[in-house]
Amino acid sequence: MFRTSPEDMPAFATRLARAKFRAWHRGTREADYMIGGFFDRFHAEWGESELAWFEALLEEEDVDIMAWALGTQSVPDEFVGDQMAAMKRLDYVQI
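Quick summary incoming for the structure in this document.

Cut-offs and rules
- Residues numbered from 1 in each chain as written.
- Predicted model: local features only at pLDDT ≥ 70, side-chain atom pairs only at ≥ 80, totals over all residues.
- Heavy atoms only, no water.
- Helix = DSSP H or I, 4+ residues; strand = E, 2+ residues; numbered from the N terminus.
- Expected span 1.5 Å × (residues − 1).
- Buried < 20%, exposed > 50% of the residue type's maximum accessible area, 1.4 Å probe, protein only.
- Core = buried A, V, L, I, M, F, W, Y, C linked by side-chain atoms within 4.5 Å.
- Contact = heavy atoms within 4.5 Å.
- Arc of directions from axis to C-beta.
- Axes fitted to C-alpha atoms, helices over the stretch in contact; angles between N-to-C directions.
- Parallel < 35°, antiparallel > 145°, perpendicular 65-115°, else oblique.
- Nonpolar A, V, L, I, M, F, W, Y, C, P; charged D, E, K, R; others polar.
- Phe/Tyr/Trp six-rings, centres within 6.5 Å; stacked < 30°, edge-to-face > 60°.
- Lys NZ or Arg CZ within 6 Å of the ring centre and 35° of its normal.

## A closer look at helix H2 (residues 29–42)
Between its terminal C-alpha atoms H2 stretches 20 Å, which fits the 20 Å expected from 14 residues at 1.5 Å a residue. By the burial criterion, the buried members of H2 are Ala31, Asp32, Met34, Ile35, Gly36, Phe38, Phe39 and Phe42.

Okay, here's the thing in structure tokens:
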């Protein structure tokens, strides 16, 4: 995992804040919980490449992201990898 350097932190921190907002304000409660919950669980571990992946994911339609995460649609090549695998494994319902 690539970590950011100190001189990159303000821009990185701003991007994280923007990603958090976008993750939690998708337009439907279900998407908010799935995408926002994924952000909350994993963002502290992210470096530049992980954040860039998530930013690209945020550009996709909610129904597609949810279908990929739930395994009801094939994941496009650009989103296949460790982060999508983590999204698929995350337990979104806490009892």
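## What to know about the nonpolar core
Judged by nonpolar contacts, the single largest core of 26 residues is most densely connected at Phe38, Trp46, Phe54, Leu57 and Met84. Looking at this core, the elements with two or more residues in it are helix H1 (9–24), H2, helix H3 (48–58), helix H4 (62–70) and helix H5 (82–89). Top element by residues in this core is H2. It accounts for 6 residues. Leaving out residues up to four positions away in the same chain, Leu57 has contacts with Ile65, Trp68, Phe79, Met84 and Met87.

## Some thoughts on H3
Looking at H3, one finds that the buried residues are Glu50, Leu51, Trp53, Phe54, Leu57 and Leu58. What you see down the axis of H3 is that its buried residues fit within an arc of 155 degrees, all on one side.

## A word on the packing of H4 against H5
Axis separation between H4 and H5 bottoms out at 7 Å; the angle between their running directions is 80 degrees. Between H4 and H5, the angle is such that the two are roughly perpendicular. In this structure, H4 contributes Ile65, Trp68 and Ala69 to the contact, and H5 contributes Met84, Met87 and Lys88. Here the residues of the contact of H4 with H5 are counted per class, giving 5 nonpolar, no polar and 1 charged.

## A word on the packing of aromatic side chains
Inspection of the entire model under this criterion finds 10 aromatic pairs. Measuring from centroid to centroid gives 5.6 Å for Phe39 and Trp46, while their planes differ by 80 degrees, and the two rings are edge-to-face. Aromatic rings pair up to connect Phe38, Phe39, Phe42, Trp46, Trp53, Phe54, Trp68 and Phe79 into one cluster. When the ring centre of Phe42 is taken as reference, the NZ or CZ atom of Arg41 above it lies at 4.4 Å.

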